[in-house]
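Listed below are the residues making up each chain.
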Amino acid sequence: MTNLAIELSHLTRTYGSRRGISDVNLNVAEGSLFGFLGPNGAGKTTAIRVLLGFLRPTTGTARALNVDCWHDSARLKADVGSIPGDLRLWPWLTGISALKLFASIRRREMIPQGKILADELELDLAVPVRKMSRGMRQKLGLILALAHQPRLLILDEPTTALDPLMQDRLRKILRKMATAGHTVFFSSHTLGEVEELCERIAIVKQGQIVADGTLDDLRANVGREVAIAWQSPADASWPVPSGLTLTSRTQSHWQGTHSGDPRDLLAFLASKPVQDVSITKVDLETLFRRFYE
Amino acid sequence: MQLPIPNLGLIHRALRETLWTTLSLSGALFAIAALLAYALPRVQARFMQRQFIPPGVREFRNAVLCIDSTSGSVGDIAFSIALVHPIIIALLAAHAIIVCTRILAAEVERGTVDVLLALPVTRLALFVSETAAWLFTAFIILFSIYAGCYFGSRFINPDYRPNFTNMILVISNLALVYTVIGTFGLLASVTTDRRVRAVLFVMLITIFSVLINFLYTLDPSLEFTKRLKFLSVLDYYKPSAMLSKGTIPWRDFGNLAGASMTLWTLAAIRLVRRDVTTL
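A. Seen up close, the interface of chain B and chain A. Each partner contributes to the interface: chain B provides 21 residues, whereas chain A provides 18 residues. Counting only elements with at least two residues in the side of chain B that touches chain A, the list comes to α1 (8-49) and α6 (113-117) of chain B. Element by element, the count of residues in the side of chain B that touches chain A is highest for α1 of chain B, at 6 residues. Partitioning the side of chain B that touches chain A into residue classes produces 9 nonpolar, 7 polar and 5 charged.

B. Molecular detail of the sheet that holds strand β12 (residues 244-249) of chain A. All names here are of chain A. Pairing within the open sheet is antiparallel, and its 4 strands lie in the order β12-β13-β11-β14. At either end of the open sheet lies a strand with only one pairing partner, and these are β12 and β14 (274-281). Averaged over all pairs of adjacent strands, the angle between strand axes in this sheet comes to 20°, irrespective of strand direction. As defined by bridge partners, strand β11 (residues 224-230) adjoins β14 across 7 bridges and the pair is classed as antiparallel. By the bridge assignment for β14, W230 is matched with V274. Lying over the sheet, helix α9 (residues 262-270) contacts β12, β13 (253-258) and β14, oriented at roughly 170° with respect to β14.

C. A look at the environment of A29 of chain A. All names here are of chain A. Its location among the elements puts A29 in strand β2 (residues 18-29). Residue class for A29 comes out partly exposed when judged on the 14 C-beta atoms lying within 10 Å of it. Here the alpha-carbon distance between A29 and R200, two residues 171 residues apart in the chain, equals 9.7 Å.

D. Representation of the sheet that holds strand β1 (residues 4-15) of chain A within the structure. Taken together, 4 strands build an open sheet; the order of strands is β2-β1-β4-β5 (chain A) and the sheet is antiparallel. The sheet terminates laterally at β2 and β5 (67-68) of chain A, the two strands that pair on one side only.

Here is what the cut-offs are and how they apply
Sequence order as written defines the numbering, with residues in each chain counted from 1. Think of it this way: whatever chain is written first is A, whatever ligand is written first is 1, and the rest follow in order. It should be noted that, the model being predicted, local features are given only for residues of pLDDT at least 70 and side-chain atom pairs only at 80 or more, the latter also being counted only at that level, while totals for whole chains, interfaces and linings use all residues. Note that contacts rest on C-beta atoms placed from the backbone: two residues are in contact if these are within 7 Å. Helix and strand definitions follow DSSP, with helices as H or I runs of at least four residues and strands as E runs of at least two, each counted in order from the N terminus. Residues were grouped as follows: Ala, Val, Leu, Ile, Met, Phe, Trp, Tyr, Cys and Pro as nonpolar; Asp, Glu, Lys and Arg as charged; and all remaining residues, including Gly, as polar. Any two strands with at least two DSSP bridges between them are considered paired. Axis geometry follows a simple rule: fit a line to the C-alpha atoms, using only the stretch in contact for helices, then measure angles between N-to-C directions, giving values from 0 to 180 degrees. Partly exposed residues are those whose C-beta has more than 12 but fewer than 20 other C-beta atoms within 10 Å; with 20 or more the residue is buried, with 12 or fewer it is exposed, and the C-beta atoms are placed from the backbone.

Keep in mind these values describe shape, not function.
Laid out in structure tokens, this is it:
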């Protein structure tokens, strides 16, 4: 039986009459890399804030690492590292003083691992926060979230303000942590990075989960992208093969999605004057848009 | 349930954040207390030499100074005036307001609350740690007043110097007044997400206290001030009796301590139970 790092059960959180999240059910296995997607205002940050004990659930439960997120928040956070979507730090801190301070508060050793991470992310720990650029602050926030080797990482837009090289480095670090059994739960707008990094994703729309599974499972539900270019004009009488849904149809081009057995499609195409055909897996951006249309 | 033991790291953080405020205000209080200790005995001696004081002047002076400025020795009255002087009260209140409106309002406003509350301490332990740091800075602030009075008194007629053991009682009473203002600040700060609102609320409370006390002392027959004066913190602070006789006004001490504890407890409950959203 898989251990769960995060269990949200019928979780609802409202702000008066405004909805935050509604009847959310979500399980995240330990040691996985889990992506949490949704547009602005969908409820991602609300869900994260409930996980971190900032908000009490209106109804339902939120548990992480087998403890209740509200009632045992302090105990949970001993094993959690997090970075908020809009990171602010106290301006008088330097990187090294931040590590010392957090180590003192957490009562855990953080400086050796913090220095290793600082080297990997190329951050000078002597610079005070008030003199740091946004990217540097983000790096420091990531170091403070990772240096105590937490069992669960909750990251809200972790690659914000990082250059592509540092984004790569961070992805490498996160992959290494997941391989070592740590759980990474992160929300992002950068779909390519989620696609590259995550084993499972959930898509939230207007406070509810509309998709939850592995990328392959979600793609199988949505189908493949098909584009057909005809050598000679397509005959209007040609039957569209089963499983193929056309989104665009002209005499020279057909475009759409195909779900089901691809052999049916190939059999149809074999007897037709095809100039070119493209059958591709749906990328995450298209998947995301499909769930939003 | 975890015991709310103060976290040394959080205490260190709070002290670091309030360091410059505490040092600058304690320096100012030391200097002002020293100046008042040097100047007021002379002023009071001249005042007491007058054989005739026009009607109303005594009452007005008493109201402004919040003490009976005609009975007692020169030194006792002068130092009582120093210890209840509006500038001293204002600077003390300023320190209490600045320090006590940090949690939670200031942290929410500048966005650092996300990092703070993501740390593995209970909110109650956070509150206790902040309180411990605040009380440490309060000790520095109050000691600077005592030290300023002592320093200033070295340059005056020794006959005008007060009993500095009795002055400890007065400073203790002043400390309780200060903690009431501070705990109002804590309660306001955990209730709102805007520091300005918390500051304004505590300022209004403090101004109300001073005003009610002033009006009542000016004319004790005013009915509404008589009814409301129990709400003024300064009604529980009477330095001249303590300074001259060394008597401990247990009732006043008890009322102020009780008010502080109640406000602190309400603030703690509010902080533990509230939802935290960033702006």
